[in-house]
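Breakdown of the fold
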Amino acid sequence: MEKKEQLYEGKAKKVYATEDPERYIVSYKDDATAFNGLKKGTIVGKGAINNRMTNFLMKQLEEAGIPTHFVEELNDRETVVKKVQIVPLEVIIRNISAGSFAKRYGVEEGIVFSSPTIEFSYKNDELGDPLLNSYHALALGLATQAEIDRIKELSFAVNDFLKAFMKAHNVDLVDFKMEFGRLSDGTIVLADEISPDTCRFWDSTTHEKLDKDRFRRDLGNVEDAYQEMMRRILGE
């Protein structure tokens, strides 16, 4: 499968058409952004790590019965995915208080919730990805009630799987962002990526941050954190 014209370039990835109208090629970049693009930088090797980790985890999720857009890894940075129409809802699952949740509600980081929380934000950079609820999503025509229900169901299933998987590698899944897409027949599938860019990973023993917070908060050793997650997940 070969790349045709570039269809889209986001903060972390480029998307290309292929000879198959139902298949795209995603190419991962080393560019790093935070705070809706206000902070920019480069994390060397990030694209390859995020691509390979995402593909590995999506294959695991597929085997667990969760549908994804993954088709085939082409090389370290490029992957064939199913063509989807992205539902403009970012879904955030939180297991432990951190980041904007802690700031918004005035609580300390590290509070383990009795059950996971779910948040939606409107995927719109110009508006700063504002939080919304399912009623807002319906009013704006972003998704149907059936799609929202399915997205919630899949999101909690992904969380259950990933939380257990990460714990087995001595990592706490603090919170993470997901995006979902519609296949041509309307089926909802997990899209985008699962990586240190989109998840908060803390070492279960030391609580060391092993994710993009090291870049956001100028903690240093950003590349080392990504490499450490790669080593734990893929054994490399």
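The structure this text deals with has already been given above.
One structure accompanies this document, and this report is about it. These figures come from a predicted structure and were not determined experimentally.

1. Concerning the side chain of Asp175
Relative to the assigned elements, Asp175 resides in strand S12 (residues 171-182). Residue Asp175 is classed as buried on the basis of its relative accessible area, which comes to 4%. Among the polar contacts listed, one links the side chain of Asp175 to the side chain of Arg94, at a separation of 3.2 Å. The residues contacting Asp175, other than those within four sequence positions of it, are Ile93, Arg94, Ile96, Ala98, Thr198, Cys199 and Arg200.

2. Comments concerning the pairing of strand S13 (residues 188-191)
Across the two faces of S13 the burial is the same, with Ile188 and Leu190 and Val189 and Ala191 all buried. Relative to S13, S12 runs antiparallel, the two being bridged by four bridges. Paired with Glu179 across the two strands is Ala191, which belongs to S13. Between the end of S12 and the start of S13, which pair antiparallel, lie five residues, with Gly186 showing a positive phi angle near 95°.

3. Structural notes on the packing of helix H1 (residues 46-63) against helix H6 (residues 222-234)
Relative to each other, H1 and H6 sit at 30°, their axes nearing to 10 Å. In terms of orientation, H1 and H6 fall into the roughly parallel class. The two elements H1 and H6 cross, and the hand of that crossing is left-handed. Touching Lys46, Ile49, Asn50, Arg52, Met53, Phe56 and Leu57 of H1 are Tyr226, Gln227, Met229, Met230, Ile233 and Leu234, all from H6. Residues of the contact of H1 with H6, tallied by class, amount to nine nonpolar, two polar and two charged.

4. Things to note about the sheet that holds strand S1 (residues 6-9)
Pairing in this open sheet of five strands is antiparallel, and the strands run S1-S2-S3-S7-S6 from one edge to the other. The open sheet terminates on both sides in strands that have one partner only, identified here as S1 and strand S6 (70-73). Strand-to-strand, the axes of this sheet are offset by a mean angle of 25°, without reference to chain direction. Pairing of strand S3 (residues 23-28) with strand S7 (residues 78-82) involves five bridges; the strand directions are antiparallel. Bridge pairing links Ile25 to Val80 in S7. H1 rests against S3, S6 and S7 of the sheet, and its axis sits at about 130° to S6.

5. Here's the deal with a nonpolar patch on the surface
Together, Tyr105, Val107 and Ile111 line one region of the surface with nonpolar side chains, adding up to about 260 Å² of accessible area. Here Ile111 falls in the partly exposed class, since its relative accessible area comes to 35%.

6. Considering the environment of Gln227
Looking at the element boundaries, Gln227 is found in helix H6. Judged by its relative accessible area of 42%, Gln227 falls in the partly exposed class. Spatially, the C-alpha atom of Gln227 lies 7.4 Å from that of Ile49, the residues being 178 residues apart in sequence. Not counting residues up to four positions away in its chain, the partners in contact with Gln227 are Ile49 and Glu236.

7. Regarding the pairing of strand S5 (residues 39-42)
Note that strand S4 (residues 31-34) and S5 share four bridges and pair antiparallel. Note on S5: the bridge partner recorded for Ala34 is Lys39. What sits between the antiparallel neighbours S4 and S5 is a turn of four residues, in which Phe35 has the positive phi angle 55°.

8. Remarks on the pattern of salt bridges
Side-chain pairs of opposite charge can arise where the charged atoms are in close proximity. A complete count under the given rule lists 27 salt bridges for this structure. When the shortest N-O distance is used, the salt bridge between Asp125 and Lys11 registers 3.2 Å. Separated by 114 residues along the polypeptide, Asp125 in the loop between strand S10 (112-122) and strand S11 (131-132) and Lys11 in the loop between S1 and strand S2 (13-17) bring together distant segments of the chain. According to the relative accessible area criterion, Lys11 is partly exposed, its value standing at 35%. Taking the shortest distance from any N to any O, the salt bridge between Arg150 and Glu153 comes out at 3.0 Å. With Arg150 and Glu153 both in helix H4 (residues 145-167) and three residues apart, the pair spans about one turn of that helix. Assessed through its relative accessible area of 31%, Arg150 is described here as partly exposed. Residues joined in a network through salt bridges with shared partners are Arg94, Arg104, Glu109, Glu119, Asp175, Arg200, Asp213, Arg216 and Arg217.

So, how was this worked out
Residues numbered from 1 in each chain as written. Predicted model: local features only at pLDDT ≥ 70, side-chain atom pairs only at ≥ 80, totals over all residues. Heavy atoms only, no water. Helix = DSSP H or I, 4+ residues; strand = E, 2+ residues; numbered from the N terminus. Buried < 20%, exposed > 50% of the residue type's maximum accessible area, 1.4 Å probe, protein only. Polar contact = N/O pair within 3.5 Å; in protein donor to acceptor, adjacent residues only side chain to side chain. Contact = heavy atoms within 4.5 Å. Pairing = 2+ DSSP bridges. Axes fitted to C-alpha atoms, helices over the stretch in contact; angles between N-to-C directions. Parallel < 35°, antiparallel > 145°, perpendicular 65-115°, else oblique. Left-handed = near helix turned anticlockwise from the far one by under 90°. Nonpolar A, V, L, I, M, F, W, Y, C, P; charged D, E, K, R; others polar. Patch = residues over 30% accessible without salt bridge, like charges linked within 9 Å, V, L, I, M, F, W, Y side chains within 5 Å. Areas by Shrake-Rupley, 256 points an atom, 1.4 Å probe, with all protein chains shown as cover. Salt bridge = Lys/Arg side-chain N within 4 Å of Asp/Glu carboxyl O.

Everything listed here is a matter of coordinates, which is why it stays silent on function.
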